[in-house]
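# Architecture at a glance
Here's the letter readout for the chains.
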Amino acid sequence: MLSQREIDMLNILWQAKKPMTCSDIVAEKKELTQNTGTAVIRRLLAEGLIEIHGTAYCGRVLGRTYVPTQKSKEVILQDFVEQYRGFKDVISVSELVEKLENL
């Protein structure tokens, strides 16, 4: 199961629809520090949820850019399903679908 920080960083990358540096990601999520961002990126890379796309200048420093992998979508969906299983006796599939359709 992914941590909230991992989910937040993946969401930023998916929403961006372009490669981002760690600094770009941290700038989008103000409560993240550069050190925390770097640590989360290392975990996401190790799990195959993001990949290095290339390099880009971040100020005067050259840094790696990252993009999410297809596997990250599958993992997020699996986490969602696992969370739902814990509430399936309380929330019907039709209620869930209705809420999802109204997003």
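An account of the accompanying structure is given in this report. These numbers were taken from a predicted model, which means no experiment stands behind them. (Residues numbered from 1 in each chain as written. Predicted model: local features only at pLDDT ≥ 70, side-chain atom pairs only at ≥ 80, totals over all residues. Heavy atoms only, no water.)

Another point: the layout of surface pockets. In this structure, the largest pocket spans a volume of roughly 240 Å³. Surrounding the largest pocket, Met1, Ile7, Asn11, Trp14, Gln15, Lys73, Ile76, Leu77, Asp79, Phe80 and Gln83 form its lining. Put simply, the parts of the chain that give the lining of the largest pocket at least two residues each are helix H1 (4–16) and helix H4 (70–85). Per-element accounting of the lining of the largest pocket gives the leading share, 6 residues, to H4. (1 Å grid on protein atoms, 1.4 Å probe; cavity = no way out; pocket = protein on both sides within 12 Å on 5 of 7 lines; lining within 4 Å. Points joined across faces, edges and corners; volume = space filled by probe spheres on them. Helix = DSSP H or I, 4+ residues; strand = E, 2+ residues; numbered from the N terminus.)

Attention now goes to the side chain of Thr69. Mapped onto the elements, Thr69 comes out in the loop between strand S2 (61–68) and H4. Overall, Thr69 belongs to the buried group, its relative accessible area being 13%. Those residues within four positions of Thr69 in sequence are excluded, and the remaining contacts are Trp14, Gly48, Leu49, Ile50 and Glu51. (Buried < 20%, exposed > 50% of the residue type's maximum accessible area, 1.4 Å probe, protein only. Contact = heavy atoms within 4.5 Å.)

Over its 13 residues, H1 extends 18 Å from the first C-alpha to the last, a length consistent with the 18 Å expected when each residue adds 1.5 Å. Of the residues making up H1, those classed as buried are Glu6, Asp8, Met9, Leu10, Ile12 and Leu13. Residues of H1 that are buried sit in contact with helix H2 (22–28), helix H3 (34–46), strand S1 (50–58), S2 and H4. Once H1 ends, the next one or two residues include Lys17, with phi positive near 55°. (Expected span 1.5 Å × (residues − 1).)

In this section: a nonpolar patch on the surface. A grouping of Leu77, Phe80, Leu100 and Leu103 is seen on the molecular surface, where their side chains present a nonpolar patch of about 450 Å² in accessible area. Tracing the sequence through the fold places Leu77 in helix H4. A residue is classified by how much of its surface remains accessible, and Leu77, at 53% relative accessible area, is exposed. (Patch = residues over 30% accessible without salt bridge, like charges linked within 9 Å, V, L, I, M, F, W, Y side chains within 5 Å. Areas by Shrake-Rupley, 256 points an atom, 1.4 Å probe, with all protein chains shown as cover. Salt bridge = Lys/Arg side-chain N within 4 Å of Asp/Glu carboxyl O.)

Bringing the nonpolar core into the picture now. Counting 16 residues, the largest nonpolar core has Met9, Leu10, Ile25, Ile41, Leu44 and Ile50 as its most contacted members. Mapped by element, the contributors of at least two residues to this core are H1, H2 and H3. Examining the composition of this core, we find that 4 residues originate from one element, H1, more than from any other. If near-sequence neighbours (up to four positions away) are discounted, Met9 is found in contact with Ile25, Leu32, Gly37, Val40, Ile41 and Leu44. (Core = buried A, V, L, I, M, F, W, Y, C linked by side-chain atoms within 4.5 Å.)

Glancing now at the pairing of S1. Pairing of S1 with S2 involves 8 bridges; the strand directions are antiparallel. Paired with Thr55 across the strands is Arg64, a residue of S2. In textbook terms, the turn of a hairpin is the stretch between consecutive antiparallel strands, and for S1 and S2 this stretch comprises 2 residues, one of which, Gly59, has a positive phi near 75°. (Pairing = 2+ DSSP bridges.)

This part covers the packing of aromatic side chains. Under the definition given, this model contains 0 aromatic pairs. One cation-aromatic arrangement involves Lys73 over Trp14; the distance from NZ or CZ to the ring centre is 5.1 Å. (Phe/Tyr/Trp six-rings, centres within 6.5 Å; stacked < 30°, edge-to-face > 60°. Lys NZ or Arg CZ within 6 Å of the ring centre and 35° of its normal.)

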